[in-house]
Structure formats: structure tokens, C-alpha cells
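Fold and geometry: a report
Residue strings, one per chain:
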Amino acid sequence: MIISAPTDFRAAAQRRLPPFLFHYIDGGSGAETTLRRNEADLQALSVRQNVLRDVAGLSTATTLFGEDMALPVVLAPVGLTGMYARRGEVQAARAAAAHGVPFTLSTVSVCPLEEVQAQCPRPIWFQLYVLKDRGFMRAVLERAKAAGIKTLVFTVDMPLPGSRYRDAHSGMSGARAPLRRMVQAMTHPAWAWDVGLRGRPHDLGNISRYMGKPMALGDYIGWLGANFDPAIGWKDLEWIRAFWDGPMVVKGILEPDDARDAVRFGADGLVVSNHGGRQLDGTLSSVAALPRIADAVKGDLRILADSGVRTGLDVVRMIASGADAVMLGRAFIYALAARGEAGVGQLLDLIGRDMRVTMALTGARTLADLGAHTLA
Ligand SMILES: Cc1cc2nc3c(=O)[nH]c(=O)nc-3n(C[C@H](O)[C@H](O)[C@H](O)COP(=O)(O)O)c2cc1C
């Protein structure tokens, strides 16, 4: 299969993955209105072409929390990444490091944080969910510190999991799910051999180490449902701010009021995000929410944005709308599922090239040259 555009990886991932995994990645919540809006609202933004602006020496580089980055891009935390490719978190982290960008490890990764950090030459970022089990939270933060992780991403848009209706249809959850998953694996032999057999153990590495027993994929959905904490408020998080001395990024902000609360809380950054359309269906796309948040808090903390970013042009659109950097979710997961570490590297090359073409033709030499004036 020929891959020449960043968006080509999705079809390649669909061919390789058992449907229960492809649809778990690809799907959103409810009627998937916000999922569609994320991409549609980005694509609806026109960029202005400006010529003869001397763009020699064009650079996509930036700095975030003291880290040099070749692109204003961070790989987003994505649960179960080790099910989409063999030890997938390690492969994605290595590709990110080779391309000069950070990788964020999810709380609910297959590979434990120690395994990923040991095989990645750049400090990874770690994402934490607010869970009922505070003992787990404290223990995992201590482990992250001990492993040399500096940047903590704290995801706040999951007081409970969204309604992901595709999962019951695909065999991810619902009646006879284990049997359906097994049949799907048998009909996708390349995945079954590479990931299903050679990618073991398939458990939630960060959690099973804490529990002292394996957490199987079948236990995952139930564990998540039982452990999210709807009783949480900003005050309950103060101990984490006090405990974590590195940069802390709050992920899942869509309203200026909440962004101001994140500043008061002492966050170093926030991610404007609707979780890729997987939580509150019907809410704003991230790119529609972003300009008002940037107006409210730009300069007080660093602003990242995600949800719907698929191309270098989309990265430029987010930056022009007020972000300092973006997170990529599905874009890198499709590439990883299709071609592993090499696929993620190829995606980052394509996104970098696409960004440079877009910046050159809009007359921008650096990221600082992008702004509201870039958009029509
Ligand atoms: C399969 C999947 C699993 C995800 N798991 C997590 C997670 O464990 N923690 C988290 O903070 N966000 C998670 N997210 C959300 C991503 O971090 C990110 O916000 C989202 O994918 C961005 O949208 P995009 O996929 O359109 O780029 C997940 C997203 C997907 C697609």
C-alpha cells in the first residue's frame, strides 16, 4: 500500500488491525458529532497565501517547558497503544525521540513506564487520570519521578468514560466479546503473530505492577468504569501540584473559565481538547474553542491543543488559532498500527514537510509569524 500523505495511514491500519481495535481507535462517543466536527472545523479554516516574504531559513522548531522540539508536536497519551503494535508505546516513543518531539505515555498503557523510558533516549511525558485509588496515583507518580520523567499531563475530562457505542458493535465490549475478539484475531494473522503472540504480556503495565497481578484486556473497560472519580474538584488536586515539582499540563479544557482555573491551580500548560470526540458528544471542536481560551490565558501558561489534527496544515491552523503546540492522537496511532516505529517516523516527516510548505506559502518563517492574520 502506497503511503504518500499523513492521512494514508488510516486505511493501512484498518487492513492490519482486528476490527475491535480499529473501531476502538477510530470511534467517538454518542452520535460522533464532535468527532466529525474536530476535523471539519479545522478543514473549514482557510489560510491566507502571502508571497515574496523571504522565507529562507524557515524553521518549525520551538521550546516547551525547557525542551527543544523540532516540531510544535507532542504525541498524545493513548491507552492500549501496545495492542496496536508490538510493545507499541516503546516503538512510538523511540520514533518521537528520533524526530525531536516528546511522547506522552498513558496511565493505561500496555508497557509500564519503566520499560518505555529505559528504551527511549529522550524523557517521555506521563499522563495521569484522576482515579479513586489515591494510593495508585501516589505510587505511580513516585515511579515516574524515579524513572526521570519531568512533564506530567493530568487529564481532567474523564470523570466517567464517554458512551462509546461502536465498542459493543465491534466486540471490544458487550456480549460474547472475548469470543468475537478471538475470531477477529484469527482472521488478521499478521497482527495475531506480531502483536497477539509476540507482543505479550498484554496487560496494563502501570497498573498491574501496582496491583501485583496481571490486568487483562478484558478487565480494562470494567476497571476504568469502576475507578474514575466523579467526585473530583480542583481542590482535590492540590496535593498532586505540591508533590510534582516538574511541569504540569492539564488536559481537557474547552472553556475560558476552566482555563483560568487551571492558571490559578498553578498549571504550567493546558491542552484544549475534547479527547478526540470521545467524551462529551455535541461539544465544541477544539479549534472552535481555542481562540477564546487563548484570549483568556495566553502568556499565563503554555497552550496545547488536540483533536482532529491530521496534517501539517492542521498543525499550522491550530497554531494560527492560538496554540503553542499540538498533540497528535489518532494520526500517530494509525501510523504505528500500519508500520510500527518506521510508520510514526514517516508520519512525523510528512507532517514536518507539510508544515514547511504551508508556512512558506503563507509567508511565515517561524512559528511566531503565525497568528490570526494567517487565517482568512
Ligand atoms: C484510542 C484512544 C485512546 C485514548 N486514550 C487516552 C488516554 O489514555 N489518556 C488521555 O488523556 N487521552 C486519551 N485519548 C485522547 C488523546 O490523548 C487525544 O486527546 C485525542 O486522541 C486527540 O484527538 P485526535 O485523535 O483526533 O488527534 C485517547 C484517544 C484515543 C483515540
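These remarks concern the structure in this document. All values derive from a computational prediction rather than experimental measurement.

This part is about the overall build of the protein chain. Across its full length, the protein chain carries 16 helices and 10 strands. Oriented by its inertia axes, the alpha-carbon framework of the protein chain measures out at about 60 × 50 × 40 Å. Out of the 376 residues belonging to the protein chain, those deemed buried represent 58%. When contacts within the protein chain are restricted to residue pairs at least 6 apart in sequence, long-range pairs at least 24 apart make up 73% of them. For the protein chain, the computed accessible surface area is about 14,800 Å², with 55% contributed by carbon and sulfur atoms. Separation of charge centres in the protein chain, based on 42 positive and 37 negative side chains, amounts to 5 Å.

We now examine the state of the cysteines. Applying the stated criterion across every chain yields a total of zero disulfides. Counting only cysteine sulfurs, Cys120 is the nearest neighbor of Cys111, a cysteine outside any disulfide, at a range of 12 Å. Accessibility expressed as a relative area gives 0% for Cys111, which makes it buried.

For the ligand, the set of nearby residues contains 23 residues, the closest of which are Pro77, Ser106, Thr155, Asp306 and Gly308. For the ligand, a nitrogen atom lies 2.8 Å from a polar atom in the side chain of Tyr129. Bound to the protein, the ligand loses 99% of the 600 Å² it would expose on its own. When residues of the shell around the ligand are traced back to their parent elements, those giving at least two are helix H2 (19-26) and strand S5 (125-129).

Attention now moves to helix H14 (residues 286-297). The end-to-end C-alpha separation of H14 is 16 Å, in line with the 16 Å expected for 12 residues at 1.5 Å each. Listed as buried for H14 are Ser286, Val287, Ala289, Leu290, Ile293, Ala294 and Val297. When H14 is viewed along its axis, its buried side chains cluster within an angular range of 140 degrees and face the same direction. Downstream of H14 by a residue or two, Gly299 has a phi angle that is positive, lying close to 95 degrees.

This part covers the side chain of Arg278. If you trace the backbone, Arg278 turns up in the loop between strand S8 (269-272) and H14. Among buried Asp, Glu, Lys and Arg side chains, Arg278 stands out as unpaired, with Asp167 the closest opposite charge at 6.1 Å. Engagement of the side chain of Arg278 in a polar contact is seen with the backbone oxygen of Ile25, the distance being 3.2 Å.

Let us now look at the pairing of strand S9 (residues 302-305). The pairing of S8 with S9 spans four bridges and is parallel. Bridging from a neighbouring strand, Val272 pairs with Ala305 of S9. Following the chain from S8 across H14 to the adjacent parallel S9, one finds a crossover that is right-handed. Note: S9 against strand S10 (residues 325-328), two bridges, orientation parallel. By the bridge assignment for S10, Ala305 is matched with Val326. Between the parallel pair S9 and S10, the chain is carried across by helix H15 (residues 312-320), and the sense of this crossover is right-handed.

We now examine the nonpolar core. One broad trend across soluble globular proteins is that nonpolar side chains are buried collectively. The biggest cluster of nonpolar side chains holds 109 residues, and the ones touching the most others in it are Tyr84, Phe103 and Leu270. The element that contributes the greatest number of residues to this core is helix H16 (residues 330-362), accounting for 14 residues. Not counting chain neighbours up to four residues away, the residues in contact with Tyr84 comprise Leu17, Leu21, Tyr24, Ile25, Val78, Gly79, Trp191, Val195, Ile333 and Ala337.

What follows is about helix H8 (residues 177-186). Along H8, the positions that sit buried rather than exposed are Ala177, Arg181, Gln184 and Ala185. Projection of H8 onto a plane perpendicular to its axis shows the buried side chains occupying an angular sector of 100 degrees, all on one side. Opposite the buried face of H8, by more than 90 degrees, sit the exposed residues Met182 and Met186.

What counts as what
- Residues numbered from 1 in each chain as written.
- Predicted model: local features only at pLDDT ≥ 70, side-chain atom pairs only at ≥ 80, totals over all residues.
- Heavy atoms only, no water.
- Helix = DSSP H or I, 4+ residues; strand = E, 2+ residues; numbered from the N terminus.
- Buried < 20%, exposed > 50% of the residue type's maximum accessible area, 1.4 Å probe, protein only.
- Contact = heavy atoms within 4.5 Å.
- Areas by Shrake-Rupley, 256 points an atom, 1.4 Å probe, with all protein chains shown as cover.
- Lys, Arg positive; Asp, Glu negative; His and termini not counted.
- Charge placed at Lys NZ, Arg CZ, Asp CG, Glu CD.
- Disulfide = S-S within 2.5 Å.
- Near = heavy atom within 4 Å.
- Polar contact = N/O pair within 3.5 Å; in protein donor to acceptor, adjacent residues only side chain to side chain.
- Expected span 1.5 Å × (residues − 1).
- Arc of directions from axis to C-beta.
- Salt bridge = Lys/Arg side-chain N within 4 Å of Asp/Glu carboxyl O.
- Pairing = 2+ DSSP bridges.
- Right-handed = clockwise from strand over helix to strand, strands pointing away.
- Core = buried A, V, L, I, M, F, W, Y, C linked by side-chain atoms within 4.5 Å.

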